[in-house]
Amino acid sequence: MPVANYEIYCRMLERAREGHFAYPAMNVTSLTTANAVLKGLAESKSDGIIQVSTGGGAFASGVAVKDMALGAISIAEHVHRVAERYPIYVALHTDHCQADKLDKLVIPLVEETEKRRAAGKPNLFNSHMFDGSALPLKENLDIAVKLLERFQKNDLILEIEAGVVGGEEDGVVGKASEKLYTTPEDTLEVASRLNTIKGGRYLLAATFGNVHGVYKPGHVKLKPKVLKECQEAVVKKYGEAARFYLVFHGGSGSSVEEIHEAIDYGVVKMNIDTDMQYAFTRPIADHMFRNYDGVLKVDGEVGNKKTYDPRSYLTLAETAMAERVKLAVTELKGVGTTMYKA
Ligand SMILES: [Zn+2]
C-alpha cells in the first residue's frame, strides 16, 4: 500500500490507543534497512512507522554529501515507491531533531511537503519530532507551538519530548537528572500550550526513566506509572479529549511487562533503533567469520566473489532485521492489526 495519508495515520494512532497496542518505529539508514522494516511489518500483518534520524539522513545522502534532509528525502521517496508492494500501511517520521538542527532537517522537509502539496502530490513525511528536551520547558514549548501551527496547515503530526531520555543516541548524550521522569505539571504545561492550536495533532515522548542504547535487563529503572499519573492529570484538568498519544523512547532492554504497562497508559509508538542495529549486524558478523578466506584475499589467493558480494551478507542482514521487526510487533501486541484491506 502507499504510505499512510494523514487520515489513515490519525486513525492508526487512535486504534492503537483504543486497542492497547503500539506501533514499532524503526530507524532506517539505507534502502536495505527500509526494506527490512516493510518485510517484517507485512509478515506481521501490522502497520508501522519508518523513521530517519539526523545522522541517518546524513549517512543516507552519502559520505561526500552528508546532507541530512537530502538523505531523508531519498529514503522517503524509496519507501513511497516500494511500500506499494506490501499489504500494510507505513508512516514516515523523522526522529530526534534538536533546536539547532531544525533548519537542517525538519524545516527543509516541511518545505518539501509544502511544495508537494501545492503541486497536488501527497505529503513526503507524516510526522516529525522536535526534541527540545535540552531546553527549559517554556523555550521547548515556544518552538513546539510555532512548529505545530505550521504542521497543522500541512496535515503533519508533531512529536515533542518533555523530560530527558538518558543514554546516547546518534552522538547526542542525554543528561542524567530528575528530568529522566516527566512530571504531571510538565505535561499539563504541554497541554495548555499545544491543545489551543486548533486542528493540531501531536505525540508526546514523556520520559519515565528511559535510556537510549542497550543495557542488560534490570539496569534500566523504568517507572511506567509516571505515564499513568500524567494522563490522569491531563484528563482531570482538560477532559478526555486531551489524553495524550505517548511515545516510548529508549526501550531496548525493557521487559515485555514494562512495555505492556506503558501501552496500557497510552503509548502508541515505540522507537526501536539499537535492537534493529544489532539484528542487522549479527548475521554479517557470522558471515565474515565463517567465510574469512572468501571475503578476504588471504596469502595471495583471490577470495570468493560469492561471499564478498555485498548482496550475499546484506540479504542475510535484511532478513534478520525483518525477523526482529516481527518480534517487535509481537511484543507491542500489533500482530494482525493492519488497517489495510486487500
Ligand atoms: Zn529517542
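Everything here concerns the structure above.
Below: a short report on this structure. As the structure is a prediction and not an experimental result, all values here were calculated from the model. (Residues numbered from 1 in each chain as written. Predicted model: local features only at pLDDT ≥ 70, side-chain atom pairs only at ≥ 80, totals over all residues. Heavy atoms only, no water.)

1. Some words on the packing of aromatic side chains
Counted under the stated rule, the structure contains four aromatic pairs. With a centroid separation of 5.4 Å and an interplanar angle of 80°, the aromatic rings of Phe21 and Tyr23 are classed as edge-to-face. Centroid distance Tyr89 to Tyr340: 5.9 Å. Interplanar angle 80°. Geometry classified as edge-to-face. One end of the pair, Tyr89, is in the loop between α4 (68–82) and β3 (90–94); the other, Tyr340, is in the segment after α13 (310–331), with 251 residues separating them in the sequence. On the basis of relative accessibility, which here comes to 12%, the residue Tyr89 falls in the buried class. (Phe/Tyr/Trp six-rings, centres within 6.5 Å; stacked < 30°, edge-to-face > 60°. Helix = DSSP H or I, 4+ residues; strand = E, 2+ residues; numbered from the N terminus. Buried < 20%, exposed > 50% of the residue type's maximum accessible area, 1.4 Å probe, protein only.)

2. Quick look at the pairing of strand β11 (residues 267–272)
For β11, the buried fraction is high: six of the six residues fall into the buried class. Two elements, strand β1 (residues 23–27) and β11, share four bridges in a ladder whose sense is parallel. The residue of β11 that forms the bridge with Pro24 is Met270. In the sheet, strand β10 (residues 246–248) pairs with β11 via three bridges, with the strands oriented parallel. Bridge assignment links Phe248 to a residue of β11, and that residue is Met270. This β-α-β element, β10 to helix α9 (residues 256–264) to β11, shows right-handed connectivity. (Pairing = 2+ DSSP bridges. Right-handed = clockwise from strand over helix to strand, strands pointing away.)

3. Topic: the pattern of salt bridges
Scanning the entire structure with this criterion turns up 20 salt bridges. Its salt-bridge partner being Glu159, residue Lys269 comes within 2.7 Å of it at the nearest N-O pair. In this pair, Lys269 is assigned in strand β11 and Glu159 in strand β5 (residues 157–162), connecting sequence segments 110 residues apart. Pair check on accessibility: Lys269 and Glu159 agree, each one buried. Between Glu232 and Lys228 there is a salt bridge whose closest N-O contact spans 3.4 Å. (Salt bridge = Lys/Arg side-chain N within 4 Å of Asp/Glu carboxyl O.)

4. Examining the side chain of Glu159
The buried category is assigned to Glu159, whose relative accessible area is 0%. Engagement of the side chain of Glu159 in a polar contact is seen with the side chain of His93, the distance being 3.1 Å. Sequence-distant contacts of Glu159, defined by excluding residues within four places in its chain, comprise His93, His128, Met129, Phe130, Leu203, Ala205, Val247, His249 and Lys269. (Polar contact = N/O pair within 3.5 Å; in protein donor to acceptor, adjacent residues only side chain to side chain. Contact = heavy atoms within 4.5 Å.)

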